[in-house]
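For reference, the chains in residue letters:
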Amino acid sequence: MTHPITLWTDATPAPGAAGDLFAGHVTPLDVRSMIAMGEEPFEAIMTTVTALPEGGVLELTAPFEPVPLYKVLAERGFAHRTEQRGPAEFVVRFAQTGILPSTPVRDVLARHPATASVLAEFGFDLCCGGKHPLEFAAQAHGVDLPSLLARLRAAAIG
């Protein structure tokens, strides 16, 4: 009997935990047959991601871990949770955090109170009402934006 191997990423809370972004409406997409037929599933994946409702979760099933997709979707504000269920079955849930370079600081804090400690660590506050986007605030504070976004997303889901 094969036991699933769970690869937790981004400090993911346990399934069903309070504030679990991965517990939203799940849209499944199994690309194993597409890949087996030699087709490229990227367009189908991105079409599905674009059609997700607010708070929706993409559950992607693939024959391998789709590591390059993590970066592509992270740039769109998604966090992921990966579970290997068999030798050729990886199930990855992608959830929208709403944390993008253009997101105002106050919106990040309002949507994800757990990000307060990260914002404070980087010296951010709600001056000017927190209306400035993360990109502006990071530049003003001399903070590496990709690092900030990764830390905020991890706090938001963990």
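Our subject in this report is the structure included herewith.

**Here's the deal with the pattern of salt bridges**
Then comes step 1: Within this structure, the stated rule accounts for seven salt bridges.
Then comes step 2: In this structure, D107 and R106 form a salt bridge, with 3.9 Å as the shortest nitrogen-oxygen distance.
Then comes step 3: Salt bridges linked by common partners bring D30, R32 and E89 together as one network.

**A look at the packing of aromatic side chains**
The geometry of an aromatic ring pair comes down to the distance between the two centres and the angle between the two planes.
Then comes step 1: According to the stated counting rule, one finds one aromatic pair in the structure shown.
Then comes step 2: On the numbers, 6.2 Å between centres and 55° between planes, the contact of Y70 with F94 is tilted. With Y70 in helix α3 (residues 67-74) and F94 in strand β5 (residues 89-96), this pair connects stretches of sequence that are 24 residues apart.
Then comes step 3: With relative accessibility at 11%, the residue Y70 sits in the buried group.
Then comes step 4: Exposure remark for F94: the relative accessible area of 1% places this residue in the buried category.

**Description of helix α6 (residues 134-141)**
Then comes step 1: Here α6 has its buried residues at L134, A137 and A138. Relative to the axis of α6, the buried residues are bounded by an arc of 100° and lie together on one face. Turned more than 90 degrees off the buried face of α6, the exposed positions are Q139 and A140.
Then comes step 2: Contact partners of the buried residues in α6: α4 (105-111), α5 (116-121) and α7 (145-157).

**So, the layout of surface pockets**
Then comes step 1: Estimated volume of the largest pocket: approximately 280 Å³.
Then comes step 2: Lining the largest pocket we find 14 residues, and of these A74, E75, P146, A150 and R153 sit closest to its centre.
Then comes step 3: Of all the secondary-structure elements, those providing two or more residues to the lining of the largest pocket are α3, β4 (78-86) and α7.
Then comes step 4: Looking at which element gives the most residues to the lining of the largest pocket, the answer is α7, with five residues.

**Observations concerning the pairing of strand β3 (residues 57-62)**
Look at any regular strand and the pattern is simple: side chains alternate between the two faces of the sheet.
Then comes step 1: Across the six residues that make up β3, a large majority, six, are buried.
Then comes step 2: Along β3, one buried face is formed by V57, E59 and T61 and the opposite face, lined by L58, L60 and A62, is buried too.
Then comes step 3: As judged from the five bridges shared by strand β2 (residues 26-30) and β3, these two strands associate in the parallel manner. Following the sheet pairing, P28 is matched in β3 by E59.

**Focus: the packing of helix α2 (residues 42-51) against α3**
Then comes step 1: It is the contact of α2 with α3, at a shortest axis distance of 13 Å, that shows an interaxial angle of 35°. Remark: the crossing between α2 and α3 carries right-handed chirality. From α2, F42, I45, M46 and V49 reach across to α3, where they touch L69, V72 and L73.
Then comes step 2: Along the lines of polarity and charge, the residues of the contact of α2 with α3 split into seven nonpolar, no polar and no charged.

Conventions we followed
- Residues numbered from 1 in each chain as written.
- Predicted model: local features only at pLDDT ≥ 70, side-chain atom pairs only at ≥ 80, totals over all residues.
- Heavy atoms only, no water.
- Salt bridge = Lys/Arg side-chain N within 4 Å of Asp/Glu carboxyl O.
- Phe/Tyr/Trp six-rings, centres within 6.5 Å; stacked < 30°, edge-to-face > 60°.
- Helix = DSSP H or I, 4+ residues; strand = E, 2+ residues; numbered from the N terminus.
- Buried < 20%, exposed > 50% of the residue type's maximum accessible area, 1.4 Å probe, protein only.
- Arc of directions from axis to C-beta.
- Contact = heavy atoms within 4.5 Å.
- 1 Å grid on protein atoms, 1.4 Å probe; cavity = no way out; pocket = protein on both sides within 12 Å on 5 of 7 lines; lining within 4 Å.
- Points joined across faces, edges and corners; volume = space filled by probe spheres on them.
- Pairing = 2+ DSSP bridges.
- Axes fitted to C-alpha atoms, helices over the stretch in contact; angles between N-to-C directions.
- Left-handed = near helix turned anticlockwise from the far one by under 90°.
- Nonpolar A, V, L, I, M, F, W, Y, C, P; charged D, E, K, R; others polar.

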